[in-house]
Amino acid sequence: MNYQPTLSYAHHLDKTDPLRPYRRQFYFPKHKGKSVLYFCGNSLGLQPKGVKEALEHEVMHWREHAVEGHFRGEMPWMYYHKFLLPQSARLVGAKESEVVVMNTLTTNLHLLMVSFYRPTKERFKIIMEAGAFPSDQYAMESQVRFHGFSPKEAIVEIAPRPGEETLRTEDIISTIEKHGNSVATVMFGGVNYYTGQFFDLGKITEAGHKVGANVGFDLAHTAGNLPLKLHDWNVDFACWCSYKYLNSGPGGPSGIFVHERHGDNPDLPRFAGWWGHDEGSRFLMKKGFIPMQGAAGWQLSNAQIFSCAAHKVSLDMFDKVGMDALREKAVKMTGYLEFLIENLNKEKKRFNIITPSKPQARGCQLSILTGKEGKQLFDYLTENGVVADWREPNVIRVAPVPFYNSFEDCWRLADLLGKFNQ
Ligand SMILES: *Cc1c(COP(=O)(O)O)cnc(C)c1O
């Protein structure tokens, strides 16, 4: 792209942006009477305007129908999870039977590890990226301990080479090969929350399968950020949350993916609950768990209607626009923000972007490694109406999100950065 660092060029990009109208469908918080420059959609997405109505609809349904609400209306609660399946499936490149929305993310990560981490004396290792999101680290450590192993011997973390900030695919693959048939499960983030690096999920899956391991991904920073092909990539399992790029509100529900070759295997061990039981006989309330086919067989409880209702509003928007169109804008917009920041670095390198510069190796997010003045810079941005986030020890993460950010937002952020301590 032949980007230019002027405000009029940013305006030109906005005017020719086909997704421009969607910005108006979100609520922006205010700072000193003006909309903030929101770059935190990777942490909590903005509220879509249809959410209030969707929640009110369910509140009224409850008020008017009480228990009969499970069977009445256009979206009876009894089947509510099914109303989220087609959109969820398209979002991650899966068949409808391979996905379901339930619980929250870390809970689901544990439930999936129950099925896909089945260590033996010989094959007991988990391979993950170093510096994974802490919840994932705690989950993996406790899984390993639960099976009687020590995290030290059973968890293999792949770190960047000295002097590098992100992982090389060849290093991920060679580590998997090196540990060979001692690997039970490869469990990676799709996009690392700290560096913003997007991993090659297809290649990692292939390498894991070659050594006989299961391969799964935590897609918290990936779902709604990048197009995915979980089915075609042969991924065994995955889970994601809905409140980051997916704009479904705080504590929003999680989605899971289980490849059909596992989903249709009733003998695969799992922790069971009544909502995962065969639908035809669920209410006979009999002994003996018979799982539903597909990912639905991992459900424990009846759906959390209010949070699923908010999620549906957002999922419908993603489905209407499609990940390909969102990705096209994201590549352009993240590239533009990167260009503007590098433009500020021309005279003296002040802002070190550690996120890979290749579009294939990142989503929306750019992580800026700051020097000593990092916290001061972050506070300065906040005072000037920027919502970004600070990650210890010294990274500022900014994510221009294609649904609601504009090229002008990126320009204004870079303008503020340029004026810092000048
Ligand atoms: C955001 C995030 C979580 C948060 O988990 P919850 O169970 O939803 O609180 C976990 N893992 C990763 C990788 C995340 O980015």
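Here's a quick rundown of the structure.

## Re empty space enclosed by the protein
Turning to step 1, where the next piece is worked out: By the definition in use, this model includes one cavity of 30 Å³ or more.
Turning to step 2, where the next piece is worked out: Size it by volume and the largest cavity reaches roughly 30 Å³.
Turning to step 3, where the next piece is worked out: Lining the largest cavity are His-81, Val-101, Met-102, Gln-299, Ser-301, Ala-303 and Gln-304.
Turning to step 4, where the next piece is worked out: Considered class by class, the residues forming the lining of the largest cavity number three nonpolar, four polar and no charged.

## A closer look at the pattern of salt bridges
Turning to step 1, where the next piece is worked out: This model, assessed by the stated rule, comprises 20 salt bridges.
Turning to step 2, where the next piece is worked out: Linking Asp-17 and Lys-329 is a salt bridge whose minimum nitrogen-to-oxygen distance equals 2.7 Å. Of this pair, Asp-17 sits in the loop between α1 (7-15) and β1 (26-27) while Lys-329 sits in helix α11 (residues 323-344), placing them 312 residues apart in sequence.
Turning to step 3, where the next piece is worked out: The salt bridge involving Asp-415 is made with Lys-419; its shortest N-O contact spans 2.9 Å. Pair noted here: Asp-415 and Lys-419 are both in helix α13 (residues 407-419), with a separation of four residues, about one helical turn.
Turning to step 4, where the next piece is worked out: Lys-419 gets classed as exposed once you look at its relative accessible area, which sits at 53%.

## Quick word on the nonpolar core
Turning to step 1, where the next piece is worked out: Counting residues in each nonpolar core, the largest one holds 95 residues, and the members touching the most others are Phe-188 and Phe-403.
Turning to step 2, where the next piece is worked out: When residues of this core are assigned to their parent elements, the largest contribution, seven residues, is made by helix α10 (residues 305-321).
Turning to step 3, where the next piece is worked out: Counting the residues that make up this core, at least three belong to each of domain 1 (7-42 + 322-419) and domain 2 (55-320).
Turning to step 4, where the next piece is worked out: Apart from residues no more than four positions distant in its own chain, Phe-188 is found in contact with Ile-127, Met-128, Glu-129, Ile-158, Leu-167, Ile-172, Phe-199, Ile-204, Gly-216, Phe-217 and Asp-218.
Turning to step 5, where the next piece is worked out: Of all hydrophobic cores here, the second largest spans 32 residues; its members include Leu-37, Ile-396, Cys-410 and Leu-413.

## A word on the state of the cysteines
Turning to step 1, where the next piece is worked out: In total, this model carries zero disulfides according to the counting rule given.
Turning to step 2, where the next piece is worked out: The structure places no disulfide on Cys-241, whose sulfur is separated from the nearest cysteine sulfur, that of Cys-239, by 9.3 Å.
Turning to step 3, where the next piece is worked out: Judged by relative accessible area, which is 2%, Cys-241 ranks as buried.
Turning to step 4, where the next piece is worked out: As a non-bridged cysteine, Cys-364 has Cys-410 as the owner of its nearest cysteine sulfur, 10 Å distant.
Turning to step 5, where the next piece is worked out: For Cys-364, a relative accessible area of 1% corresponds to the buried category.

## As for the site of the ligand
Turning to step 1, where the next piece is worked out: In the vicinity of the ligand, the contacting residues are Leu-105, Thr-106, Phe-133, Asp-136, Asp-218, Ala-220, His-221, Tyr-243 and Lys-244.
Turning to step 2, where the next piece is worked out: Thr-106 has a polar side-chain atom sitting 2.6 Å from an oxygen atom of the ligand.
Turning to step 3, where the next piece is worked out: A total of 390 Å² of accessible area belongs to the ligand in isolation, and the protein chains cover 82% of it.
Turning to step 4, where the next piece is worked out: Residues that form the shell around the ligand fall into these classes: four nonpolar, two polar and three charged.

Reading guide: rules and limits
- Residues numbered from 1 in each chain as written.
- Predicted model: local features only at pLDDT ≥ 70, side-chain atom pairs only at ≥ 80, totals over all residues.
- Heavy atoms only, no water.
- 1 Å grid on protein atoms, 1.4 Å probe; cavity = no way out; pocket = protein on both sides within 12 Å on 5 of 7 lines; lining within 4 Å.
- Points joined across faces, edges and corners; volume = space filled by probe spheres on them.
- Nonpolar A, V, L, I, M, F, W, Y, C, P; charged D, E, K, R; others polar.
- Salt bridge = Lys/Arg side-chain N within 4 Å of Asp/Glu carboxyl O.
- Helix = DSSP H or I, 4+ residues; strand = E, 2+ residues; numbered from the N terminus.
- Buried < 20%, exposed > 50% of the residue type's maximum accessible area, 1.4 Å probe, protein only.
- Core = buried A, V, L, I, M, F, W, Y, C linked by side-chain atoms within 4.5 Å.
- Domains from an automatic or database assignment.
- Contact = heavy atoms within 4.5 Å.
- Disulfide = S-S within 2.5 Å.
- Near = heavy atom within 4 Å.
- Polar contact = N/O pair within 3.5 Å; in protein donor to acceptor, adjacent residues only side chain to side chain.
- Areas by Shrake-Rupley, 256 points an atom, 1.4 Å probe, with all protein chains shown as cover.

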